[in-house]
Amino acid sequence: KQWYQRRVRGYKAGCGWNEVLLPLTTLSYGDMYACFYALLSKFVPRNCKTDGKPFHLFRLLLLYHDPELCTFLDTRKCSPDMYAQRWFRSLYVGKCDIQVVREMWTRYLLLGDPFMVFNLALVVLVNAREVILEMEGDSQVIASKITTFPDNLCVEDIEDFMSLAKYYSDRTPLSFTHDYHGQLFGNAPTESNFAALSQALCLPISVSELLQRTTTEGVNYLVVDCRPKLQFDSGHLPGALISILIPCFQTLQCLQRT
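An account of the accompanying structure is given in this report. The shown structure was predicted, so the numbers you read here are calculated from the model rather than taken from an experiment.

## A look at the overall build of the chain
Here is step 1 of the chain: When helices and strands are tallied, the chain shows 16 helices and two strands.
Here is step 2 of the chain: In the chain, buried positions account for 41% of the 258 residues.
Here is step 3 of the chain: For the chain, the accessible area works out to roughly 14,200 Å², and carbon and sulfur atoms hold 54% of it.

## Considering the environment of L73
Here is step 1 of the chain: Here L73 is to be found in helix α5 (residues 67–75).
Here is step 2 of the chain: Judged by relative accessible area, L73 falls into the buried class, the value being 2%.
Here is step 3 of the chain: Once the C-alpha coordinates of L73 and I142 are considered, the two residues, 69 residues apart in sequence, prove to be 8.7 Å apart.
Here is step 4 of the chain: Setting aside residues up to four positions removed in sequence, L73 forms contacts with L62, C78, Y83, L125, I132, I142 and I146.

## Considerations on the packing of aromatic side chains
Here is step 1 of the chain: For the structure shown, the criterion picks out twelve aromatic pairs.
Here is step 2 of the chain: In textbook terms, an aromatic cluster arises when at least three aromatic residues are bridged by ring pairs, as seen for F55, F58, F88, F115, F118, F176 and F185.

## Section: the packing of helix α4 (residues 53–65) against α5
Here is step 1 of the chain: Running from N to C, α4 and α5 point in directions that differ by 135°, and their axes come no closer than 5 Å. Taken together, the axes of α4 and α5 are oblique relative to one another. Where α4 approaches α5, its residues R59, L62, L63, Y64 and H65 are matched on the opposing element by P67, L69, C70, L73 and D74.
Here is step 2 of the chain: The residue inventory of the contact of α4 with α5, partitioned by class, reads seven nonpolar, one polar and two charged.

## Examining helix α12 (residues 158–170)
Here is step 1 of the chain: For α12, built from 13 residues, the straight-helix expectation of 18 Å at 1.5 Å per residue is met to within 8% by its first-to-last C-alpha distance of 18 Å.
Here is step 2 of the chain: Residues of α12 that are buried make contact with α4, α8 (98–111) and α9 (116–127).

## Some points on the nonpolar core
Here is step 1 of the chain: Counting residues in hydrophobic clusters, the biggest one holds 67 residues, and the most contacted among them are Y83, F118 and I146.
Here is step 2 of the chain: Of all the elements, α9 adds the most residues to this core, at ten residues.

## Observations regarding the side chain of D225
Here is step 1 of the chain: Its place among the elements puts D225 in strand β1 (residues 224–225).
Here is step 2 of the chain: You can call D225 buried: its relative accessible area is 11%.
Here is step 3 of the chain: Separated by 2.8 Å, the side chains of D225 and R227 make a polar contact.
Here is step 4 of the chain: If we skip the residues at most four places from it in the chain, D225 touches F232, H236, L241, I242 and S243.

## Some words on α5
Here is step 1 of the chain: The set of residues buried in α5 consists of L69, C70, F72 and L73. Down the axis of α5, the buried set is contained in an arc of 160°. They therefore lie on one face. What points out from α5, more than 90 degrees from its buried face, is the exposed set E68 and T75.
Here is step 2 of the chain: Backbone geometry just after α5 places K77 at a positive phi near 55°.

## A few points about the pattern of salt bridges
Here is step 1 of the chain: What the rule picks out here adds up to nine salt bridges.
Here is step 2 of the chain: Among the salt bridges present, the one from R129 reaches E68, with a minimum N-O distance of 3.1 Å. With R129 in helix α10 (residues 129–133) and E68 in helix α5, this pair connects stretches of sequence that are 61 residues apart.
Here is step 3 of the chain: K166 is the salt-bridge partner of D170, the closest N and O atoms lying 2.9 Å from each other. Of this pair, D170 and K166 both sit in helix α12, four residues apart, roughly one helical turn.

Rules used throughout
- Here, residues in each chain are numbered from 1, in the same order as that chain's written sequence.
- Reporting of local features is limited, given that this is a predicted model, to residues whose pLDDT is at least 70; pairs of side-chain atoms are given and counted only at 80 or more, and all residues count toward the totals for whole chains, interfaces and linings.
- Based on all heavy atoms of the structure, the side-chain values leave hydrogens and waters out of the count.
- Secondary structure counts use DSSP, requiring at least four H or I residues in a row for a helix and at least two E residues in a row for a strand, with both numbered from the N terminus.
- Think of it in three bands: residues with accessible area under 20% of the maximum for their type are buried, residues over 50% are exposed, and the middle band is partly exposed, with areas taken using a 1.4 Å probe on protein chains only.
- Accessible surface area values rest on a Shrake-Rupley calculation with a 1.4 Å probe, where residue burial reflects the displayed protein chains alone.
- We call two residues in contact when some of their heavy atoms are within 4.5 Å.
- Any two of the Phe, Tyr and Trp rings considered here, Trp counted by its six-membered ring, make a pair once their centres fall within 6.5 Å; the pair's planes then place it as stacked at under 30 degrees, edge-to-face at over 60, or tilted in between.
- What counts as an axis is a line fitted to C-alpha atoms, over the stretch in contact for a helix, and the angles between N-to-C directions run from 0 to 180 degrees.
- Each angle receives one of four descriptions, namely roughly parallel if under 35 degrees, roughly antiparallel if over 145, roughly perpendicular if within 65 to 115, and oblique otherwise.
- Three categories are distinguished: nonpolar for Ala, Val, Leu, Ile, Met, Phe, Trp, Tyr, Cys and Pro, charged for Asp, Glu, Lys and Arg, and polar for the others, with Gly belonging to the last.
- Working rule for helices: expected span equals 1.5 Å times residues minus one.
- Nonpolar cores were defined as sets of buried Ala, Val, Leu, Ile, Met, Phe, Trp, Tyr and Cys residues, with membership established by side-chain atoms within 4.5 Å.
- In the analysis that follows, any N or O atom pair within 3.5 Å is treated as a polar contact, provided that within protein one partner can donate a hydrogen and the other can accept it, and provided that, for residues neighboring in sequence, both atoms belong to side chains.
- To be clear, the arc concerns the directions from the helix axis to the C-beta atoms.
- Note on definitions: salt bridges are taken to be side-chain nitrogens of Lys or Arg within 4 Å of carboxyl oxygens of Asp or Glu.

Limitation: the analysis is restricted to geometry and does not speak to function.
Below you can see the structure in the form of structure tokens.
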């Protein structure tokens, strides 16, 4: 603890350090702390606490991939920090068998993508979506049930588990990882890109990525142009629709099918 306090940041009870150390205890002391330092510096998101920024970002990721499930949890006031804190801050050590964790970490580290912790959490929820949508009770009851879902993972599940996480990662806007890497896993101030995340209506997508996706095959965005018709007619993105010509109910139906 004293070694890491000097190197990075102060220790706080319940921060997940002891859990992260657990799979590393078979290593020599030097290797153990080198791996420990690397894991906490490069793979555990910063600010993993109640109302923490990673959980606002994860909610938007869930909203992007499964709006119905996200809306259900929102209406129950069950926020990600209520069920996923231990997943994120310990990289699932706190909820999975140690052999499962070692197999997961091996594949995780080979990918080298620190945002995979978000996609793994997404897979946990999406795979259990039918169970979650039938849950009753207050937010604490629902969160306490959701947080136990990784307990059921076994070593044989990890290959499919990681493959599904990679599937969602490949279908997530690149700006998701590009815009927030420095704040979550680097040295950039955590407030710089996160100020409005808790109030965001959807996952932010950069203009450059939107332009790229709308000028190539495989377009997966529906762009609704809210400018006056005169400006729309003078130039707009390929495939964009002008909002004043679309009744609200038709717009919603189109969005749901996309």
